[in-house]
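A structural walkthrough
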Amino acid sequence: MVWISVDPGKQGCGVACWMGESLVHGQFVAVGESDLDAPARWHRLAEVCLSVTEQVPDTAIVELMRVYVGGRADPADLLDLQGVAASILTLAASRGATPVGVLASAWKRQVPREVMGARVDAELTRRGWADRLIVPRRATHQNDVLHAIGLGLYALRAGIVTT
């Protein structure tokens, strides 16, 4: 069973590709067309995310956003990210994959972004998977890849993906 887990971003996404319970690779994918309007950019990101495997994944797990009253995040940014997530899930479903959305608060809880990234990085080293990453230059993009892997590990532990 081939599946992906995705940490969506406005211009690019962290994507982890899995075979059963094993990480095949993790990478950051982006679209160069930053001038595209939102729906076209969302669709292009979805296409790029789903093209990281040679075959259509059986399942696509994507982090979902929620706007919290009094939250620190800009609601417009969260809605843009949700548009990316919805595009990935919809395109995956149209290609026969099982779409699964997981709220960020469900898998990360309140753990700060950098702390979660460090935890996932330590887990990659423990499992001997550190060499399976295509490491982007920007630290924020590295964290996006680590979060995609963290989401995938959560999906395995929670039984969301059954292999």
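For the structure itself, consult the block above.
Read on for a plain summary of the structure. This structure is a prediction, so every number in the text was calculated from the model and none was measured.

1. What about the overall build of the protein chain?
Scanning the protein chain from terminus to terminus reveals 5 helices and 5 strands. Expected size for 163 residues packed as a compact globule is a radius of gyration near 15 Å; at 15 Å, the protein chain falls within 12% of this value. For the protein chain, the spread of C-alpha atoms along the principal axes amounts to about 40 × 35 × 30 Å. Split into buried and exposed, the 163 residues of the protein chain put 49% on the buried side. Summarising the internal contacts of the protein chain: among those between residues at least 6 apart in sequence, 69% fall at separations of at least 24. Split by element, the accessible area of the protein chain, about 8200 Å² in all, is 52% carbon and sulfur.

2. Brief notes about the environment of T140
By secondary structure assignment, the location of T140 is in helix 5 (residues 139-157). Overall, T140 belongs to the partly exposed group, its relative accessible area being 42%.

3. Digging into the environment of P112
On the secondary structure map, P112 appears in the loop between helix 3 (104-107) and helix 4 (113-127). Residue P112 is classed as partly exposed on the basis of its relative accessible area of 45%. The sequence separation of P112 and L133 amounts to 21 residues, and the corresponding C-alpha distance is 22 Å.

4. Some points on unusual backbone geometry
Look at R109: it is not a glycine, yet its phi comes out positive at around 55°. Along the chain, R109 falls in the loop between helix 3 and helix 4.

5. Points about the pattern of salt bridges
Applying the stated criterion across every chain, the model contains 7 salt bridges. The shortest N-O distance in the salt bridge between R113 and D144 comes to 2.2 Å. Here D144 lies in helix 5 and R113 lies in helix 4, a separation of 31 residues in the sequence. In this structure R113 comes out as partly exposed when scored by relative accessible area, which is 30%. Given a relative accessible area of 12%, D144 falls into the buried group. One salt-bridge network, in which partners are shared between bridges, spans D7, R113 and D144.

6. Examining the packing of helix 4 against helix 5
Viewed as axis vectors pointing N to C, helix 4 and helix 5 meet at an angle of 65°, and their least axial separation amounts to 9 Å. Overall, the two elements helix 4 and helix 5 adopt an arrangement that is roughly perpendicular. Handedness of the crossing formed by helix 4 with helix 5: left-handed. Contact residues: R113, E114, M116, G117, V120, D121, E123, L124 and R127 in helix 4; T140, N143, D144, L146, H147, I149, G150 and L153 in helix 5. Its residues assigned to classes, the contact of helix 4 with helix 5 shows 6 nonpolar, 5 polar and 6 charged.

What counts as what
- Residues numbered from 1 in each chain as written.
- Predicted model: local features only at pLDDT ≥ 70, side-chain atom pairs only at ≥ 80, totals over all residues.
- Heavy atoms only, no water.
- Helix = DSSP H or I, 4+ residues; strand = E, 2+ residues; numbered from the N terminus.
- Rg over C-alpha atoms; globule rule 2.2 N^0.38 Å.
- Buried < 20%, exposed > 50% of the residue type's maximum accessible area, 1.4 Å probe, protein only.
- Contact = heavy atoms within 4.5 Å.
- Areas by Shrake-Rupley, 256 points an atom, 1.4 Å probe, with all protein chains shown as cover.
- Salt bridge = Lys/Arg side-chain N within 4 Å of Asp/Glu carboxyl O.
- Axes fitted to C-alpha atoms, helices over the stretch in contact; angles between N-to-C directions.
- Parallel < 35°, antiparallel > 145°, perpendicular 65-115°, else oblique.
- Left-handed = near helix turned anticlockwise from the far one by under 90°.
- Nonpolar A, V, L, I, M, F, W, Y, C, P; charged D, E, K, R; others polar.

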